[in-house]
Amino acid sequence: LYERATNAIKSGDEETARKLLLERESVKEKLLKILKSIAEDRRRMLVMESNVDALETRALEIESLLRRSVGASSLQDTASLGLSLELEPEDPLLKKFRDLGM
């Protein structure tokens, strides 16, 4: 647009040159608005990415807590049913053979 305005001035058409320069300014203003909007969008995107990272970290923490809770609950249920997860110190059959001297 600027070159066209310059050519219009050189050819003596001031009115066309003036219109072209006004159009150029309008295009520049639109471009500046778009660039500002892009910068704001980029800032929002960075904040959102940071929030997603924080949510992922928190989700992993909650998942870990749930696993521990489920594990503890299973152990508690086993204990309440009278089942023991402990091994006996010695196999009763082996003890019987030992007592018999075998």
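Keep in mind the model is a prediction, meaning the values are calculated, not measured.

*Asks:* Lay out the overall build of the protein chain with the relevant residues and their values.
*Replies:* When helices and strands are counted, the protein chain shows 3 helices and 0 strands. Sequence-ordered secondary structure for the protein chain, helices as α and strands as β, is α-α-α. Burial status across the protein chain gives 5% buried among its 102 residues. If you sum the accessible surface of the protein chain, you get close to 9,600 Å²; carbon and sulfur atoms cover 59% of it.

*Asks:* Provide a residue-level description of the pattern of salt bridges, including the pertinent values.
*Replies:* The full count for this structure, using the stated rule, is 5 salt bridges. Notably, a salt bridge pairs Glu15 with Arg18, separated by 3.9 Å at the nearest N-O pair. Here Glu15 pairs with Arg18, and both are found in helix H2 (residues 14-80), just 3 residues apart, close to one helical turn. Two residues, Arg44 and Asp41, come together in a salt bridge whose shortest N-O distance is 2.1 Å. Of this pair, Arg44 and Asp41 both sit in helix H2, 3 residues apart, roughly one helical turn. For Arg44, a relative accessible area of 45% gives the class partly exposed. Take Asp41: its relative accessible area is 36%, and that puts it in the partly exposed class.

*Asks:* Quick rundown of a nonpolar patch on the surface? Include the residues and the values.
*Replies:* Side chains of Leu31, Leu32, Ile34, Leu35 and Ile38 sit close together on the surface and give an oily, nonpolar patch of about 480 Å² of accessible area. Here Leu31 shows up in helix H2.

*Asks:* Give me the lowdown on helix H3 (residues 92-99), citing residues and values where you can.
*Replies:* Buried residues are scarce in H3, accounting for 0 of its 8 residues. Gly101 sits one or two positions beyond H3 and adopts a positive phi of about 85°.

Conventions we followed
Residues numbered from 1 in each chain as written. Predicted model: local features only at pLDDT ≥ 70, side-chain atom pairs only at ≥ 80, totals over all residues. Heavy atoms only, no water. Helix = DSSP H or I, 4+ residues; strand = E, 2+ residues; numbered from the N terminus. Buried < 20%, exposed > 50% of the residue type's maximum accessible area, 1.4 Å probe, protein only. Areas by Shrake-Rupley, 256 points an atom, 1.4 Å probe, with all protein chains shown as cover. Salt bridge = Lys/Arg side-chain N within 4 Å of Asp/Glu carboxyl O. Patch = residues over 30% accessible without salt bridge, like charges linked within 9 Å, V, L, I, M, F, W, Y side chains within 5 Å.

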